[in-house]
Structure formats: C-alpha cells, structure tokens
Amino acid sequence: MSTDAAVSPSPPADAWDEAVAPDGAVRPTHREALAALDRVGPRAAAERVAEAVAATGMTFGEDDAAYVVDPVPRAIAADDWARLEAGLTQRVRALDAWVADAHGPRRAIADGVVPASVLDGCRFVEDELAGLAPAPVRIAVAGLDVVRDADGAFRVLEDNCRVPSGLAYLLAAREAVATALGGLPDEVRALHARLGADLLTAVRSTVPAGAGEGAAVVLSDGPENTAWWEHQRLAALMGIPIVTPAGLRRRGERVVLAETGEPVVAVYRRTDVASLRGPDGAPTPHGELLLPALRAGTIGVANAYGCGAADDKAVYPYVRDLIRYFCGEEPILDDVHVHDLCDPETRDRVFEAPERLVFKPRDGQGGQGVVIGPRADAAELRDAVDAARRDPHAWIAQDAVVLSTHPTVVGDDLVPRHVDLRPFALADGGGGWRLVPGGLSRVAFEEGQMVVNSSRGGGAKDTWVLR
C-alpha cells in the first residue's frame, strides 16, 4: 500500500476518518504511521503484533481470551493533545471535588448546581464516609472516554472514575506495535519511561497526612478478575505487592500485610467489589477490612470508595456546571448532550425519535446494556424505550454520535473501523493531574459497530502523541 492511497473501502460519509481525508489523501498526522505499516505490510504487521502480544501473556475476559491489538497506529497532533490534556485534567479536578462534596457538605446541591435527586438515586454514595476528613485525592486514576464527532472535534462521552481498566493494555499495545513496525519515529512522544513511577505517585497521593510510613499495594480479586493480567503488570511496573483481601489484616485502626505485618498506607483498588456495604447493609469483606482505617485516616484508597458518584451517568449532564462551580473556569471540552428522562415532556419528545439516541443504564459499564439507536432494530429500540419509561431514573439517553474511523487491518486489507479513545489522567502528587501521553484507542472490528469495548469483541490500537 502506498501512503497516498485511500483506505478501501472508503470511510463512511457520516464519519470523520482520522487518517484519510475525504479526497483519499493521507492526513499529515498519519504519514509516518502508514509509511511504517507500508514497509511491513498489513498482514505481516498484524501477525507480528499478535506474536508480541501472545509473548506477554496478555488476556482479557472470563475465558482469558487473547487481547487483540491492531497494528495501525493512531496519531494525534501535538496541539490536539494539549487541548485534550487541559480539558480532561480540568474535568477530573471538578469530579474529584464533587466526590468530596457528595460525601460532605453537598454545597453543589444546596447551590442548585446538581439536583438532590441525582444523589438520592446514586448507589455509589458511601454513607460511611460522610463527614470524614476528605482524602487528599479521591480520583487518583481516571479513564475518560473520548470520541471525535463528524467534524473531527473531541467530545467526552463518559467518565470512568471507579476502577478504569486499560493502562497496562495501553503499554502492551505500544510495545507490540513498536516491535512489529521496527521502532517508533522520533516525532512520537515516549509513553512508559516514567509510567510506573507516575502511577505509584498517583496511588500514594491518596495517603492522609497523618498516616505515617507504610507500603502501597495493588488490591485485586485474584485470577478470577477479568483484568487479572493487568493487575499483575501494573503491580510489577510500580514495584509493589499485589494482594487479595486474604493478604491483608486489620490491626486496630491500621491495615497490615498478612505475611510481614508491615503497615499498608496506600491501596490501589482494582476489585469488582465496588462498595463498603452490601445491599443488605452489612459490610462487604473489603468494608470490614478497610473501614476502621479509613475512619482513622491511616490509609488511602485509589480510587476511593464513593468515586462512583463521579461516573454515575446521571451526574454526566451536570459536569460542565460542576467545572464552572468548583474550578471557576469555562469547560474546555464539549461533551455529548444527554436528555433528562425524568422530565415527562422531555421524555415524550425524545421518545418520538429513539433511533437518534443512545440508551445507557445509569450504572452500567463495559458497554453492557447499551442500545445505539441508529444501529438498533425496531425490537431493541422498543425494549429500550419501554425500560426507560418504566424506570427513567435508571437510564440516560444521549444524542447519537457517529464515532470517527481509523484504518484497521482485516485480512490483507486496510478498512475503516470505528474507534474511541480512553486517555488516563494520573494524580501528580501536587494537587493536579496529568495525562499519560498516549491513551488506549479502542477499535470495533465489525463493520459499522460502534461499541468498541473489549468485552464486546473490540480490540486496541497504539496511540501516537506527536511532538
């Protein structure tokens, strides 16, 4: 393939293709990437990447399926990345303040920024933490899902502040693609020279001031967790132990390593247990272990219990107002409009054309339960509308956005496939956040598919941030 040749078939007319202009010419940002692929060939590059991925043992999902990485790098211009970093770190600042406020004075509700009903229906608010001294940082690691619309503009689609996955997959995708293509051009920013140190700084940024010295650990469910491979990789990258709850003990108002008795002051929580108490009100095993230390201020948790108050999809429509309220700034990035299904007039109006909407469960993740109106059949749309009518508090409806496309290897060919981007914001230890320079670009391999999650058959691309 020549870098001046168009991807075949041509990108959909209603989507922005990130590498190929409407006239078929390669965009300047992607000349190096496609030239590197051209030297190897699409099929050979895909085979080399698959071999490199297999060598890492990288898997995802309950069946330990191999994680698929496409060999075509996605490139982002330096000025676009600078705007993304400014806008996303601004967003995390506001969300972090909101989590503290939601477990404290609730000034944003008292001042009319967010309706009280939003928290009344939020299952992620931790009553146990209300009134405690706020942690230095609650959202130590944020993974924010970003899309490019039909005009090529970046928009925030979702906020992920509980246990966002993908950071180790991002690193593995970089290593596999660099191996397959024979290295990286000088214009690509390095990804992982300090990733372990920066992630450890983010985790330790949650430690309360009076906690004293102690270890940091990755807390996992163990091999049964679908992201167990990632948990192991990140622990090794930071040089800290990985433990299950059985590897920790309570000692008074402290948590210690069961094996050595060393105090633990920072926990990178990567478990599927999302709360300190179960539906019956009894403490979860994690709550029994961590609650006394959290109350005493002897331990920090990244990401803190209660962070679901930030990525609850019912909060999403108010994030721009929260930025104005907590940061005193205008939002830098746009998001995707959400319709208030709890308002009867709005509900009746938008349900007249559900094919223009994306329906999402309020507390869903991983693409589960999402119905994309423009791609759904009549029965799927009817079921989504019926569910939202029965319980409008449990659903949101966003305007449908046609995700941008990117050349992707299918067999011997390059074809356009829809992509999104999950950049990762890490707390910097000084009260701010910074983006890892290259997010996890996720790609749907099925033609026309716009749910790109790995749990729905998607894969990843390396993301090149240009200097």
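Numbering of residues starts from 1 in each chain and follows the order in which that chain's sequence is written. Only residues with pLDDT of at least 70 are given local features in this predicted model, and only at 80 or more are side-chain atom pairs given and counted; all residues enter the totals for whole chains, interfaces and linings. Side-chain metrics rest on all non-hydrogen atoms present in the structure, leaving aside hydrogens and water.

A. Main features of the pairing of strand β19 (residues 424-427). Remark: exposure states derive from per-residue accessible area (1.4 Å probe, protein chains only) relative to the maximum for the residue type, with buried under 20%, exposed over 50%, and partly exposed in between. Under the DSSP-based scheme used, a helix requires at least four consecutive residues in state H or I and a strand at least two consecutive residues in state E, with every element numbered from the N terminus. Every second residue of β19 is oriented toward a common face, with Phe424 and Leu426 on one face and Ala425 and Ala427 on the other, all of them buried. The pairing criterion is simple: DSSP has to find at least two bridges between the two strands. Alignment of strand β4 (residues 141-148) against β19, held across 3 bridges, turns out to be antiparallel. Looking at the pairing, Val141 lines up with Leu426 of β19. Sheet analysis places β19 next to strand β20 (residues 433-435), joined by 3 bridges and oriented antiparallel. Its bridge partner being in β20, Ala427 is matched across the sheet by Trp433. As consecutive antiparallel partners, β19 and β20 are separated by 5 residues, and within that stretch Gly429 has a phi angle of approximately 85°, a positive value.

B. Spotlight on the pairing of strand β16 (residues 395-399). The buried count for β16 comes to 4 of 5 residues, which makes it a mostly enclosed element. The pairing of strand β13 (residues 338-339) with β16 spans 2 bridges and is classified as antiparallel. In the strand pairing of β16, His339 is matched with Ala397. Taken together, the 5 bridges between strand β14 (residues 357-361) and β16 define a ladder with antiparallel strand orientation. Within β16, the residue paired with Val358 across the bridge is Gln398.

C. Representation of the sheet that holds β16. Read from one edge of the open sheet, 4 strands run β13-β16-β14-β15, paired in antiparallel fashion. The open sheet has two free edges, formed respectively by β13 and β15 (371-372), since each of these has just one partner strand.

D. Structural view of helix α9 (residues 285-296). Within the sequence span of α9, burial applies to His286, Gly287, Leu289, Leu290, Leu291, Pro292, Ala293 and Leu294. Buried-residue contacts for α9 involve β6 (215-219), β8 (248-251), β9 (254-257) and β11 (300-302). The positive-phi residue at the C-terminal boundary of α9 is Gly297, with phi of around 70°. By definition in these notes, contact holds between two residues if any of their heavy atoms fall within 4.5 Å.

E. Local environment of the side chain of Asp17. For Asp17, the location among the structural elements is in the segment before α1 (31-40). Lys and Arg are tallied as positive, Asp and Glu as negative. Neither His nor the chain termini are counted. Here a salt bridge means any side-chain nitrogen of Lys or Arg lying within 4 Å of a carboxyl oxygen belonging to Asp or Glu. In this structure, Asp17 is buried with no salt-bridge partner, the nearest side chain bearing the opposite charge being Arg27 at 5.6 Å. Counting of polar contacts relies on pairs of N or O atoms within 3.5 Å, with two restrictions inside protein: one atom must be capable of donating a hydrogen and the other of accepting it, and residues adjacent in sequence are counted only when both atoms are side-chain atoms. Looking at Asp17, its side chain comes within polar contact range of the main-chain nitrogen of Ala19, at 3.0 Å.

F. Expanded view of the packing of helix α6 (residues 167-181) against helix α8 (residues 228-238). Axis angles are defined between N-to-C directions and span 0 to 180 degrees, where every axis is a line fitted to C-alpha atoms and, for a helix, only to the segment in contact. Two elements in contact, α6 and α8, have axes separated by 8 Å at closest approach and are oriented at 80°. By the angle between their directions, the pair α6 and α8 is classed as roughly perpendicular. Contacts from Leu167, Ala168, Tyr169, Leu171, Ala172 and Glu175 in α6 reach Trp229, Glu230, Arg233, Leu234 and Leu237 in α8. Under this grouping Gly is polar, as are all residues other than the nonpolar Ala, Val, Leu, Ile, Met, Phe, Trp, Tyr, Cys and Pro and the charged Asp, Glu, Lys and Arg. When the residues that make up the contact of α6 with α8 are grouped by side-chain class, the tally is 8 nonpolar, no polar and 3 charged. Here roughly perpendicular refers to angles of 65 to 115 degrees, roughly parallel to angles under 35, roughly antiparallel to angles over 145, and oblique to all remaining angles.

G. Local environment of the confidence of the model for the protein chain. Each residue carries a pLDDT score, the predictor's confidence in it, ranging from 0 to 100. Per-residue pLDDT for the protein chain averages 91, and the proportion of residues at 70 or more is 95%. Considering only residues more than four positions removed or in separate chains, one finds that residues 1-6, a stretch of pLDDT under 50, has 15 contacts.

H. Representation of the packing of helix α3 (residues 78-102) against helix α11 (residues 319-327) in the model. Look at α3 against α11: their axes get within 9 Å of each other, and the N-to-C directions meet at 85°. In terms of orientation, α3 and α11 fall into the roughly perpendicular class. Between α3 and α11, the contacting residues are Gln90, Arg91, Arg93, Ala94, Leu95, Ala97, Trp98 and Asp101 on the first element and Val319, Leu322, Ile323, Phe326 and Cys327 on the second.

I. Fine view of the nonpolar core. Grouped together as the largest cluster of nonpolar side chains are 105 residues, with contacts concentrated most on Trp98, Ile139, Leu167 and Tyr268. Here this core gets 11 residues from one element, more than from any other, and that element is α6. If we skip the residues at most four places from it in the chain, Trp98 touches Ala108, Ile109, Val114, Leu119, Ala309, Ala310, Val315, Leu322 and Phe326. If you look at the next biggest cluster of nonpolar residues, it comprises 19 residues, including Leu257, Leu290, Val301 and Tyr305. What makes a nonpolar core is a set of buried Ala, Val, Leu, Ile, Met, Phe, Trp, Tyr and Cys residues whose side-chain atoms join them at distances within 4.5 Å.

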